[in-house]
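Commentary on secondary and tertiary structure
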Amino acid sequence: MPLLDTTLLLLLEGYAWLPARWREAQGVIAQGKMGHGESAQTEMGQAAMARTRLMGRDAVVLRGPDAVRFFYDDNHVQRAPALPEPIKSTLFGHGAVHTLDQAAHRARKGMFMSLMTPESVASLVGEATAAWYAAVATWHGRGDVVLFDEAARVLTRGACRWAGIPLAEEETGPLAGDLVALVDGFGSPGPRHWRARAARKRREAWLAGLVGEVRRGALRVPDTSALAVVARHLEPDGERLAPRIAAVELLNLVRPTVAVSWFVTFAAHALHHWQVTRVRLTEDTDGTYAEAFAHEVRRFYPFAPFVAGTAVKDLTWKGEQILADWLVLLDIWGQNHDPALWPAPYAFDPQRFIGRGIGPYDLIPQGGGDPVTGHRCPGEPVAVGLLKALAPRLAKLDYTVPEQDLTISPYRIPARVASGFVLRPAGAAAPPETAGAKRPRPAVHPL
């Protein structure tokens, strides 16, 4: 194993970190240094494994459908031991379903899956769509609109209505800001990270209070609502979730929904750069192209660069050893841009998903495997449904795109459109302070 710990490089390089590790592994092959302790290779001579050190631990990097099967097998890799404290304190929460494995994980996951039925997903998408229409109706008199911020508020309203969480209109903006902070702060140190920690503490206390009110009968919500289901859930030992853990899991239902703000903004970015997709979305009559567009947005644009787990025992991968307790990283970005799976992977082409089913081990922006028994995100149908619903509505809006910074930096995790994607609804005047402003040219950074 290499002696150099690359944790600092991860913080500096962002999404470019794993491509650099693959290039190093490929360089080993090119120099004729293959052998145990260096890197495995496929029959085609490409590296099938890269090795590094991360957070002081030996680590291996895998990608490809076979690697996804290997990674999500509980007999090989467990996710919970590999979750670092900063991610638990921001993105997932301490005691969350993500911190469990095997039987405990499956039992808690069942609660989430009960809320992800097709009917429930359709209800959530319907609430978000209604909130979208209400928001769009106010845009024409407001001048420029920052789509990322608007999408976050829309999705916060929709998610809370669906979940049975009472939310006054004046509370929507602050809550949306906190939910965005939970996602925005998990991948970097500094102010964004500390805002995320503060937001989690604040929102866990708030939701724990609501859970207590439901249990006491002081707050009545529909029995099928997420708030009621989580408040009344029983663990395998027959006990209810502690109020704070219940709050954590409620956030793990609402927070990923609001995280679709990233994808909505990426969708606008795609519509702007590939105008033909806007035309095709407006002409789509049965949702086939809209669904393909949703999948391509999730494949093409960067979100989670990788997921990590811990080897539960000594393992072998393509003839190479992985020792117990080593970190095992599954390269999400790399797999979603692998030319062996996706011809011309840096071309944005929704047509690639027309007539193609999504297997559990190929397209993995939200994890792989079986969402019922494994760690694949149970909210994936929500992300697809929301994009399928909102992207055509965005395409049909009459707006212009003022000059702005549309770059997507590969060094920021999670990546965002720099400007948040500013749009100007038809008939809206340019704000005086931004009219004529010069900003960098739009760009997308392939890695």
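Notes on the structure follow. In this text, all values refer to a predicted model and were calculated from it rather than measured experimentally. (Residues numbered from 1 in each chain as written. Predicted model: local features only at pLDDT ≥ 70, side-chain atom pairs only at ≥ 80, totals over all residues. Heavy atoms only, no water.)

1. A few points about the packing of aromatic side chains
- Counted by the stated rule, this structure contains 17 aromatic pairs.
- Ring centres of Trp-132 and Trp-139 lie 5.6 Å apart, and the angle between their planes is 75 degrees; this geometry places the pair in the edge-to-face category.
- Taking relative accessible area as the criterion, Trp-132 reaches 2% and is therefore assigned buried.
- Through a chain of ring-to-ring contacts, three or more aromatic side chains come together here, namely Phe-266, Trp-274, Phe-293, Phe-300, Tyr-301 and Phe-348.
- Above the face of the Trp-206 ring, Arg-203 is positioned so that its terminal group lies 5.3 Å from the ring centre.
- Cation over ring: Lys-318 sits above Trp-317, and NZ or CZ is 4.9 Å from the ring centre. (Phe/Tyr/Trp six-rings, centres within 6.5 Å; stacked < 30°, edge-to-face > 60°. Buried < 20%, exposed > 50% of the residue type's maximum accessible area, 1.4 Å probe, protein only. Lys NZ or Arg CZ within 6 Å of the ring centre and 35° of its normal.)

2. Notes on the pattern of salt bridges
- All told, the structure shown has 27 salt bridges when counted by the stated rule.
- Arg-153 is the salt-bridge partner of Glu-150, the closest N and O atoms lying 2.7 Å from each other. Placement of the pair is Glu-150 and Arg-153 together in helix 7 (residues 147–163), with a separation of three residues, close to one helical turn.
- Under the relative-accessibility criterion, Arg-153 is labelled partly exposed at 27%. (Salt bridge = Lys/Arg side-chain N within 4 Å of Asp/Glu carboxyl O. Helix = DSSP H or I, 4+ residues; strand = E, 2+ residues; numbered from the N terminus.)

3. Quick notes on the sheet that holds strand 5 (residues 306–311)
- The five strands lie next to each other as 1-2-8-5-3, forming an open sheet whose pairing is mixed. Either end of the sheet is taken by a strand with one partner, and the two such strands are strand 1 (50–54) and strand 3 (77–78).
- Strand direction decides the pairing type here: strand 2 (residues 57–62) and strand 8 (residues 327–331), joined by four bridges, are parallel. Bridge pairing in strand 8 links Leu-62 to Leu-330. (Pairing = 2+ DSSP bridges.)

4. Quick look at the nonpolar core
- Grouped together as the largest cluster of nonpolar side chains are 115 residues, with contacts concentrated most on Trp-132, Trp-139, Leu-147, Phe-293, Val-297 and Leu-394.
- With 19 residues, helix 11 (residues 243–273) is the single largest residue contributor to this core.
- The contacts of Leu-147, once residues within four sequence positions are left out, are Trp-132, Trp-139, Val-264, Thr-265, Ala-268, Leu-394, Gly-420, Phe-421 and Leu-423.
- Of all hydrophobic cores here, the second largest spans 20 residues; its members include Ala-48, Val-60, Val-77 and Leu-330. (Core = buried A, V, L, I, M, F, W, Y, C linked by side-chain atoms within 4.5 Å. Contact = heavy atoms within 4.5 Å.)

5. Observations concerning helix 15 (residues 380–396)
- Look at helix 15: 25 Å from first C-alpha to last across 17 residues, which is about the 24 Å you get at 1.5 Å a residue.
- Of all the 17 residues making up helix 15, 13 are buried; the element is thus mostly covered by neighbouring parts of the structure. (Expected span 1.5 Å × (residues − 1).)

6. Quick notes on a nonpolar patch on the surface
- There is a patch of nonpolar side chains on the surface, built from Leu-8, Leu-11 and Leu-12 and spanning about 310 Å² of accessible area.
- Overall, the relative accessible area of 57% leaves Leu-8 in the exposed class. (Patch = residues over 30% accessible without salt bridge, like charges linked within 9 Å, V, L, I, M, F, W, Y side chains within 5 Å. Areas by Shrake-Rupley, 256 points an atom, 1.4 Å probe, with all protein chains shown as cover.)

7. Thoughts on the sheet that holds strand 4 (residues 145–146)
- The three strands are arranged 4-10-9 in an open sheet whose pairing can be described as antiparallel. Each end of this open sheet is capped by a strand with a single partner; those strands are strand 4 and strand 9 (399–400).
- Both strand 9 and strand 10 (residues 422–425) contribute to a ladder of two bridges, which runs antiparallel. Bridge pairing in strand 10 places Thr-400 opposite Arg-424.

8. So, the environment of Gln-404
- Note on placement: Gln-404 falls in the loop between strand 9 and strand 10.
- Placed 18 residues apart in sequence, Gln-404 and Val-422 show a C-alpha to C-alpha distance of 7.4 Å.
- A polar contact is formed between the side chain of Gln-404 and the side chain of Ser-419, at a distance of 2.5 Å. (Polar contact = N/O pair within 3.5 Å; in protein donor to acceptor, adjacent residues only side chain to side chain.)

9. Points about the packing of helix 12 (residues 275–283) against helix 15
- Interhelical geometry of helix 12 versus helix 15 gives an angle of 110 degrees and a closest axis separation of 8 Å. Classified by the angle their axes make, helix 12 and helix 15 are roughly perpendicular. Contact residues: Arg-278, Leu-281 and Thr-282 in helix 12; Ala-391, Pro-392, Leu-394, Ala-395 and Lys-396 in helix 15.
- Here the contact of helix 12 with helix 15 is built from residues that sort into five nonpolar, one polar and two charged. (Axes fitted to C-alpha atoms, helices over the stretch in contact; angles between N-to-C directions. Parallel < 35°, antiparallel > 145°, perpendicular 65-115°, else oblique. Nonpolar A, V, L, I, M, F, W, Y, C, P; charged D, E, K, R; others polar.)

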